[in-house]
Each structure stands twice: as C-alpha cells, then as structure tokens.
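Analysis of the macromolecular model
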Amino acid sequence: MEWSVIVVLVYAFVLIALAIYGVHFFYLALVAPRVRHRLIGQPLPDELPLVTVQLPIFNEYLVAERIIDAAARLDWPRDRFEIQVLDDSTDATREIAAAAVARWRSIGLNIQHLHRTQRAGYKAGALAAGLPHASGEFMAIFDADFVPAPDFLRRTIGVFGDPTIGFVQARWTHLNRRTSILTYLQSLSIDGHFMIEQITRAGRGYVMNFNGTAGVWRRAAIDQSGGWNPGTLTEDLDLSYRAALHGWRAAYLPDVTVAAELVSSLSAYRRQQARWAQGSIECARRLLPMIRHSPLPRLAKIEAGLHLTGYGIQVLMLLAAGLYPFLMGIQIPVEWHRVLFVLGLMLAPTILAPTFLFLTAQRMLRPRTWWREIPGVLLLSILGAGMMLNSTRSLWRGLSARRSVFDRTPKLGLVGKQAMSQRLIYRPASDGLIIAEILLAGWNFYAVLLAWQTHNPGIFLNALVFGAGLLIVSVATLWETHTEWKWLRMPLPDLEPEPAITRQS
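Residues numbered from 1 in each chain as written. Predicted model: local features only at pLDDT ≥ 70, side-chain atom pairs only at ≥ 80, totals over all residues. Heavy atoms only, no water.

A closer look at the sheet that holds strand β3 (residues 111-115)
Note on sheets: strands pair through backbone hydrogen bonds, and any given pair is parallel or antiparallel. With respect to topology, eight strands assemble into an open sheet ordered β3-β2-β1-β4-β7-β6-β8-β5, the strand pairing being mixed. In this open sheet, the two edge strands, each paired with only one partner strand, are β3 and β5 (146-147). Bridging between strand β4 (residues 138-141) and strand β7 (residues 215-218) involves four bridges; their strand directions are antiparallel. Bridged to Ala140 within β7 is Val216. Packed on one face of the sheet, helix α3 (residues 93-105) meets β1 (51-57), β2 (81-87) and β3 and runs near 160° to β3. (Pairing = 2+ DSSP bridges. Helix = DSSP H or I, 4+ residues; strand = E, 2+ residues; numbered from the N terminus. Contact = heavy atoms within 4.5 Å. Axes fitted to C-alpha atoms, helices over the stretch in contact; angles between N-to-C directions.)

Structural notes on the pairing of strand β8 (residues 249-260)
Pairing analysis gives two bridges linking β5 to β8, with the strands arranged antiparallel. Looking across to β8, one finds that Phe146 is bridged to Ala260. Two strands pair when backbone bridges link them, and strand β6 (residues 165-174) and β8 are joined in this way by nine bridges, in the parallel orientation. Within the sheet, the bridge partner assigned to Trp172 lies in β8 and is Val258.

Considering the pattern of salt bridges
For the structure shown, the criterion picks out 16 salt bridges. Close ionic contact of Arg177 with Glu373 constitutes a salt bridge, the shortest N to O distance being 3.3 Å. With a gap of 196 residues between them, Arg177 in the loop between β6 and α6 (181-204) and Glu373 in the loop between α13 (353-365) and α14 (374-386) connect regions that are remote in the sequence. The same class applies to Arg177 as to Glu373, namely buried. A salt bridge links Arg201 to Glu303, with the nearest nitrogen and oxygen atoms 3.0 Å apart. Taken together, the positions of Arg201 in helix α6 and Glu303 in helix α10 (residues 298-308) put the pair 102 residues apart, joining distant regions of the chain. We note that Arg201, like Glu303, is buried. A single network of salt bridges, built from pairs that share partners, joins Glu65, Asp69 and Arg103. (Salt bridge = Lys/Arg side-chain N within 4 Å of Asp/Glu carboxyl O. Buried < 20%, exposed > 50% of the residue type's maximum accessible area, 1.4 Å probe, protein only.)

Comments concerning the side chain of Asp238
Among the structural elements, Asp238 can be located in helix α8 (residues 235-245). Judged by its relative accessible area of 0%, Asp238 falls in the buried class. A distance of 2.8 Å separates polar atoms of two side chains, one belonging to Asp238 and the other to Arg242. (Polar contact = N/O pair within 3.5 Å; in protein donor to acceptor, adjacent residues only side chain to side chain.)

Description of helix α15 (residues 388-399)
Counted at 1.5 Å a residue, the expected span for α15 with its 12 residues is 16 Å, and the 16 Å between its end C-alpha atoms agrees. Inspection of α15 places Met388, Leu389, Asn390, Ser391, Thr392, Ser394, Leu395 and Gly398 among the buried residues, and these make up the whole buried set. At the exit of α15 stands Ala401, carrying a positive phi of roughly 60°. (Expected span 1.5 Å × (residues − 1).)

Overview of the environment of Leu319
Secondary-structure assignment places Leu319 in helix α11 (residues 312-329). Taking the C-alpha atoms as reference, Leu319 lies 7.8 Å from Tyr11; in sequence the two are 308 residues apart.

Quick notes on the environment of Ile281
Turning to its location among the elements, Ile281 is positioned in helix α9 (residues 266-292). Of the residues examined, Ile281 reaches a relative accessible area of 11% and is grouped as buried. For the pair Ile281 and Leu399, spaced 118 residues apart in sequence, the C-alpha to C-alpha distance is 6.6 Å. Not counting residues within four places of it along the chain, the set of residues in contact with Ile281 comprises Leu308, Leu395, Gly398 and Leu399.

In structure tokens:
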C-alpha cells in the first residue's frame, strides 16, 4: 500500500473518530437542560447518621488550616460527627495541621490527625488508611483546596434515604475564577463538566464519576466495591465505576456547591491534566472489559466507553496536526479528494461540539449574560489544543502500565489581588516535551501556509488553532520555569458573582 493511501486512510479515521466524540458532546449538551430538574436534594432523616469527614493533605501548608477550619464548622451534631486529617506531608504542613487539630480538639471536636511516614498509594492510600479508624456510616471527602459551606452535610445526606445510592457529588465553584486568564479558562472547562456531563449522566442514569472531593460516600459502597485502589492516578474515577458495576447508583446535586481554588500556574495545570489523562486511560484499560460484560444498558456502556476514553481526543488532534502538511502535499486521485471533501463537509459541524457544550453550560449558569463568555470559550479551544502532546504522553504511560508518581497541583491559598502579588513558591521543573511542542507548532504553521496556498479553509483554521495553542502553551511554560510566572496573571473584571444554578421551567 502506498504511503499516500495510508495518510488518507488515517486522516479519514481521525475525522470519523472526532465526529463520534463530537456527536457525544452534542448529545450531552442537548440532554442536560432537559433533565436537570430531576436532580434535587431530599429531606434529612429523623435520626441523623454518624458522618466521618476525611481531609487528605500532602504538603499544602498554605491551605491546610483553611480546610480544617471549614470542615470543623460544618453544621452537624457533634456527637454524630468526626474529622480525619489524613496528612502525608513532609514539610511544615504537618506542624500546621497538628496545631489546627489540637485547637479544635481543645473545644470538644472529635478530630484526629493521622500522619503517615510513608506515602504508599498516595491519596487512595491515605483514604484507605483512614477507614479502619473511622466510625461514620458516611464518608465526606474534601481536598485541601476546597472550602465547604457549613450547611453542606445538611443538604447532601438526605439523598442516602434511597438505599441504592452509593455516593453523592456536589458541584464545584471557583474561589479565584477571575484572578487570571488561566483560572478563567479552567473555570469554563469545569463548568462544562459539572453543568453538562455530570447532569446528563446523573439525570439519565448513566455511570457518573465521583470527582475526588466535595462529595459523600456511603461506607458500605466503598467496602463492597473493593475499597480505594492505589493502582491508578484517578482513584475517584476507578471506585465510581466499580461501585456502579456492583449495583450502586450515584446522585448529583448541582444546587449544592463547594468553592475551590483553581491552579494558578500553567506548569501545575499541565501536571493536573497529565494526571487526569493517565488515570482515565488506566481505568479504561482495566474497566472497559468489565463494563462490556456487565448488565448495564447498552447506551450506558457506550457512554461509559466515550467517557473513559475522552482524552483520546487529544491523540486524534495530534494525528491531524501531524498529517496536515502530508495531506496537502501528496498526489492522490481526484475521487479520493472528493471522498475527503464530502467526509469533511459532513463531519465539520462536530468540530463545534465542544464550543456548543461549554456555551450551553454558561447559558444554564448565566442565562442573561452567557454571551459574554464566548471569547473565553474560543480561547479555551486554543488552550486545549496546546495540551495535545502533554496528554498524549500521559495516555501512552497509562496504556503501557507505567507507574507514575501522583503529582499534586499545589495551591496558594490566596485569591484576588493577594494571589496576583504572591511570589513563586513552587517553582516548576523543566520538561523536554516543550521542545517537541514548539517544533509541532512550527509544523502546523507550515500547514497553515500550505492551506492558504491551496485554498483549504478547514485545514487552515484547524492548523492555526493547533499551532497557536502549542506555541502559546510551550513558550508560556518556559517563561514560567525561568521567571516569576506572571504571564497569565492579568486580573479580569468581576462581571458578576459566582452563580448558583438557575432553574428554568
């Protein structure tokens, strides 16, 4: 087979695969507004259950005291409530956490400081290590960068009146959404996940994932599903699917929100995305055969497959980015050109699917001002394109069963003007992948030139977005590595407060 034929066939595969994911995005975005009314809380039982709050912490001395204080202020009877500070820290966090725990214990709160000298299993290991010491029927979990409101337990525990519910998830909001362009773009992405993906999965009864924090688990569901698994970087996704395969259902309450701090450096964001990409494909590799042979409905199985392999979109983008100059430089029969043209014309609308999803989420959150977010959503596409090599490398690691360190994304504990003036504390390390990103950006700009010369507007626009994303992400990461990383620290005006979900009839 000639190499030109191979190029055409691979490109056709990329187009069709991207279209499948695009149709999935359209489906999620169209269903979410129709089913969100089903996701409501339930009244508390007459006899309140015993709840254990778990706070896994590792070297988060800037935010450790904040989360401990927020957990201690949860409105729940003190005889039905306990807190575990699961501290694996190796820096000053240990002393800060111990002091905060001692302060709250001195006024009668049932709170424990459990420190491990070996960080076996990372976050999954810490959560699992706390279970033998926990008395609660329900386990509320908060990461160090979250700040739950006092009424969190009173608004979530009631759903467990349904004995089939294994966990309940609350929606994330953002403490530092307008601190910088980077935090603003992250907020748009996270809003899309919680307002579209999670609402549709919960509302339609598909497998919904626990997001690792800002939720409550039924202790029995954890135990019967095999407990926390340290064999993946996304222990939350893994346990969610195993619980579903054991018959447990998930509940999502978009009206219940927990504010969190978004990562404020691009280097930390890259590490976070790499961890999520590798962990998701690790789960897909282990769980998809089990899902295929499970009694789940067929549509739920399809949705689960697209969910667990979602980061594969980054690989498809990388293939397209690499193929564009070859595609325009090879000699192929006219009929092949016609096939590609028709195929591209048919599938072109699906390229807009992610934009439609993110804008639909903003329409649900901000029905009167959602149009103001259009520029941000377009910029989000550029940021996503810039992550293609970073995510593809992580997917390869996950598929090759390569063990990786759980690389946390440290937070500063400061928002607004304080965050803008904060000096660099966690300096990012250099990454040789940046050179490959710069080279691939140049390759895509070469494709832009070829597309202009051959009057190919589709490839011109895609290659321009790919090249711009790769160049911006790589150069900005280099800048962060060798400076005080203030390139994205341009505060944005507060157009309106963080909204609660707006219901529509």
